[in-house]
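Architecture and fold: a report
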Amino acid sequence: MSVNKTFIIFKRESRAFFSSPIAYIVITLFLVLTGWFFFSTFFLSGRADLRDFFNLLPMVFSFIIPALTMRLFSEEYRSGSFEIAATLPVSLPDIIAGKFLATLFFTLIMLLPTMLYPVFISVLGDLEPGPVIGGYLGTILLASAFSSIGILASSLTKNQIVAFILSAAGCFFLTIISSILVFIPAFLSPLFQYTGVVFHFNNIAKGIIDSRDLIYFISVTLIGLYSTYIVVRERS
Amino acid sequence: MISIKNLVKYFGETKAVGNISVDIPEGQILGLLGPNGAGKTTTLRMLTGYIKPSSGSIVVNGIDASQNFIEIKRHIGYLPESSPIYTDMLVYDYLKFIADIREINSSKQMNRLQELADLCGIRSVMHKPVSTLSKGFKQRVGLALALMDDPSILVLDEPTSGLDPNQIAEIRTIIKEIGQKKTILFSTHILSEAEATCDRVLIMNKGKLVADGTAEILKGDKSDSNITRITLELTNPDSIKKVFEKSRIITGIEISEKNNLTNIVLTTAEDSRVEIYKLIKKEDWLLLEMAQEKKSLEHIFKELTKDE
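Residues numbered from 1 in each chain as written. Chains lettered and ligands numbered in written order. Predicted model: local features only at pLDDT ≥ 70, side-chain atom pairs only at ≥ 80, totals over all residues. Heavy atoms only, no water.

A closer look at the overall build of chain A
Threshold: Segments assigned H or I by DSSP are reported as helices when at least four residues long, segments assigned E as strands when at least two residues long, and all are numbered from the N terminus. In this scheme, a residue with accessible area under 20% of its type's maximum is buried, one over 50% is exposed, and one in between is partly exposed, where area comes from a 1.4 Å probe on protein chains only. When checking whether two residues touch, look at their non-hydrogen atoms; a contact exists if any pair is within 4.5 Å. Every accessible area reported is derived by Shrake-Rupley at a probe size of 1.4 Å, with residue values counting cover from the shown protein chains alone. Two residue types count as positive, namely Lys and Arg, and two as negative, namely Asp and Glu; His and chain ends fall outside the count. Throughout, a charge is located at the NZ atom of Lys, the CZ atom of Arg, the CG atom of Asp or the CD atom of Glu.
A tally of helices and strands in chain A yields twelve helices and zero strands. Overall, chain A shows an N-to-C arrangement of helices and strands of α-α-α-α-α-α-α-α-α-α-α-α. For the C-alpha atoms alone, the extent of chain A along its principal axes is close to 60 × 45 × 30 Å. Out of the 236 residues in chain A, the part that is buried amounts to 51%. Relative to all contacts within chain A whose residues are 6 or more apart in sequence, the contacts with residues 24 or more apart total 77%. Summing over all exposed atoms, chain A offers an accessible surface of approximately 10900 Å²; the carbon and sulfur share of this is 74%. Each charge sign in chain A was given a centre, from 14 positive and 12 negative side chains, and these centres are 8 Å apart.

Shown next, in the form of structure tokens:
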């Protein structure tokens, strides 16, 4: 791997994100959806915090992130442009890392406007900074885990729709798994709870940064990216 | 210098390429011919590292492909079939992206892009999105990106397919121009193209190499018969048959009539134009045309690739 080449791929992929109309549709959709759901109950709850906003994110990201990543490999397979990329003197991990980082960067840009929420809320009441910082950190980790799942799904097929459905299903499963624990034998439920993203995300979003939660998100990300590497390598 | 040994590629159960061995010395322009599905593209893809061979070895400029393909890719410029370049970029941005990836010093990049723009004739489209380009321009942009790093080996997969005759001629001129200094490997199914541009021709059929040599040698190898075409003023076909059948040198005869002319195709073991002329003169037929048919690469191609 080379940092330099990863950066070149990252630049190209980021540019591709921002030069397509889908990007702006996704950003708008995200802001309208989360903004509406968050603020429609915000004044009823009477609490000056962002907890309800962060609670929305695993579910919203389950659909938003796959929409961003579905294109990454599928489109290149379909158009054949991957043949050029794969025959340039650049290693596969560089390509994957570049695409992954570009998705993450895009997600950050998408989140940027929501950083005004804590500013507004701190005017209304006493906002604790810990959970807000933790929440955003958790969001980034969540986005990276989902992005790697999305990239893996995209590397499996030429068809963007299939890639979207596969990754949305994967992300959605990891999101709801902690809500369906009642259906699972009691002795297995801690295991299933630990597998889901919500449990770890909520821990971090409370402002408690535990190494177990960090390790969970980092492992999901790395497993996703490494599986992508194997899938793309074995395609040849 | 490229050395390919016992290259085999299976797709599942299907054998796409079976046991190909070729040595390509530096500076050669090599044409890879074959019908659709002969394994040309697969062979080129293995050489450029897009797909891995099932077995066999590829050595480029002394570097073994199984050891260090990234290093080999530095030496190879590749234009895949129908030039699948990123459509969401401007031509300039795309070339700059390739220049960055190929680690061309940023102070030299501008110069290099200018050179390529002139060589490939894409100056007028530099600031257009790739998606709006015509096929000919797309092909030229593809060629420019393959040439970016001034690679010692250029691999082109059907560089002229889908282009109009003028564009074909232009691409061919560019290939010849570049070919003076580089090893070029290109696949095509246009035989005249291979004949016009290549130092050496390889013909593939069903994943196997069936012929290897210059176009001239291939033609010489396979010519075991001579064909002479004659046009006479309308003459009674029966008398023609009688006369030629008496002669021992003629092994085959075909007669047809069209527009008050009689066309005859004679097959002989060797060049017998003199004898044929003497026969016609003796009969006092009116000879309008006589031509020896040259064995073309097309014939050889047909002979080698027809289904058994």
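With respect to the packing of aromatic side chains
Stated formally: Two rings from Phe, Tyr or Trp (for Trp, the six-membered ring) form a pair when their centres are within 6.5 Å of each other. A pair whose planes differ by under 30 degrees is stacked, one over 60 is edge-to-face, and the rest are tilted. In our convention, an over-ring charge means Lys NZ or Arg CZ found within 6 Å of a ring centre and within 35 degrees of that ring's normal.
Enumeration according to the criterion identifies 28 aromatic pairs over all chains in this entry. Centre to centre, the rings of Phe244 of chain B and Trp285 of chain B are 6.1 Å apart; their planes meet at 55 degrees, and the pair counts as tilted. Within this pair, whereas Phe244 of chain B is found in helix H9 (residues 237-246), its partner Trp285 of chain B is found in the loop between helix H10 (273-283) and strand S14 (287-293), the two being separated by 41 residues in sequence. Here Phe244 of chain B falls in the buried class, since its relative accessible area comes to 2%. Counting every residue linked through ring pairs, the aromatic cluster contains Phe38, Phe39, Phe42, Phe43, Phe53, Phe54, Tyr117 and Tyr136 of chain A. A cation over an aromatic ring shows up here: Lys99 of chain A above the ring of Phe73 of chain A, its NZ or CZ 5.1 Å from the ring centre. Of note, Arg235 of chain A hangs over the ring of Tyr77 of chain A, and the distance from its end group to the ring centre comes to 3.6 Å.

Notes on the pairing of strand S6 (residues 76-79) of chain B
Residues and elements named next belong to chain B. The test is simple: At least two DSSP bridges between two strands are needed for those strands to be called paired.
The alternating pattern of S6 places Ile76 and Tyr78 and Gly77 and Leu79 on opposite faces, both of which are buried. By the bridge criterion, four bridges tie S6 to strand S7 (residues 153-157) in an arrangement that is parallel. The residue of S7 that forms the bridge with Ile76 is Ile153.

Notes on the pairing of strand S10 (residues 208-213) of chain B
All names here are of chain B. Bridge count between strand S9 (residues 200-205) and S10: five bridges; the pairing is antiparallel. Paired with Ile203 across the two strands is Ala211, which belongs to S10. Connecting S9 to the antiparallel partner S10 that follows it, the hairpin turn spans two residues, and Lys206 within it adopts a positive phi of roughly 50 degrees.

As for the nonpolar core
Spelled out, the test is: What we call a nonpolar core is a set of buried Ala, Val, Leu, Ile, Met, Phe, Trp, Tyr and Cys residues that are connected through their side-chain atoms within 4.5 Å.
Of all hydrophobic cores here, the largest spans 138 residues; its most connected members are Phe61, Phe82 and Phe217 of chain A together with Tyr94, Leu95, Phe97 and Ile122 of chain B. If near-sequence neighbours (up to four positions away) are discounted, Leu95 of chain B is found in contact with Leu113, Ile122, Met126, Val141, Ala144, Leu145 and Met148 of chain B. Grouped together as the second largest cluster of nonpolar side chains are twelve residues, Ile250, Leu266, Leu279 and Ile280 of chain B included.

A look at the sheet that holds S6 of chain B
Residue and element names in this part refer to chain B. Keep this limit in mind: Here an axis means a line fitted to C-alpha atoms, over the contact stretch when the element is a helix, while the angle between two N-to-C directions is reported on a 0 to 180 degree scale.
With respect to topology, six strands assemble into an open sheet ordered S6-S7-S8-S3-S9-S10, the strand pairing being mixed. Edge positions in the sheet fall to S6 and S10, since each of these pairs with one other strand and no more. Strand after strand, the sheet turns through a mean of 15 degrees between neighbouring axes, direction not considered. Running over the sheet, helix H1 (residues 40-48) touches strand S3 (29-33), S6, S7, strand S8 (183-188) and S9 and is turned about 150 degrees from S7. Contacts from helix H6 (residues 165-179) reach S3, S7 and S8, with the element oriented near 155 degrees to S8.

Some remarks on the interface of chain B and chain A
What counts, and what does not: Take the accessible area each of two parts loses on contact, using a 1.4 Å probe, and add the two losses: that sum is the buried area. What makes a salt bridge here is a side-chain nitrogen of Lys or Arg within 4 Å of a carboxyl oxygen of Asp or Glu, nothing more. Polar contact is defined as a pair of N or O atoms within 3.5 Å, subject to the rule that within protein one atom must be able to donate a hydrogen and the other to accept it, and that residues adjacent in sequence are counted only when both atoms are side-chain atoms. All residues other than Ala, Val, Leu, Ile, Met, Phe, Trp, Tyr, Cys, Pro, Asp, Glu, Lys and Arg, Gly among them, are scored as polar; the first ten of these are nonpolar and the last four charged.
Listed as interface residues are 26 residues of chain B and, on the opposing side, 26 residues of chain A. A buried area of about 2400 Å², summed over both sides, lies between chain B and chain A, and 62% of it is on carbon and sulfur atoms. A per-residue breakdown of the area chain B buries against chain A is headed by Tyr50, Tyr86 and Ile101 of chain B, which together make up 29% of the total. Across the contact surface, chain B and chain A share four salt bridges. Glu103 of chain B serves as the salt-bridge partner of Lys5 of chain A, at 3.9 Å between the closest nitrogen and oxygen. For the pair chain B and chain A, the interface holds six residue pairs in polar contact (both at pLDDT 80 or more). Where the side of chain B that touches chain A is concerned, the elements lending two or more residues are H1, helix H2 (69-75) and helix H3 (91-101) of chain B. Per-class residue counts for the side of chain B that touches chain A are 14 nonpolar, two polar and ten charged.

Here we look at helix H2 (residues 21-45) of chain A
All names here are of chain A. Selection rule: Residue count minus one, scaled by 1.5 Å, sets the expected span of a helix.
With 25 residues, H2 should cover 36 Å at 1.5 Å per step; its first-to-last C-alpha distance of 36 Å lies within 8% of that length. Taken together, the buried positions of H2 are occupied by Ala23, Val26, Ile27, Phe30, Thr34, Gly35, Phe38 and Phe42. In the stretch just after H2, Gly46 is the one whose phi turns positive, near 70 degrees.

Just geometry here; none of it tells us what the structure is for.
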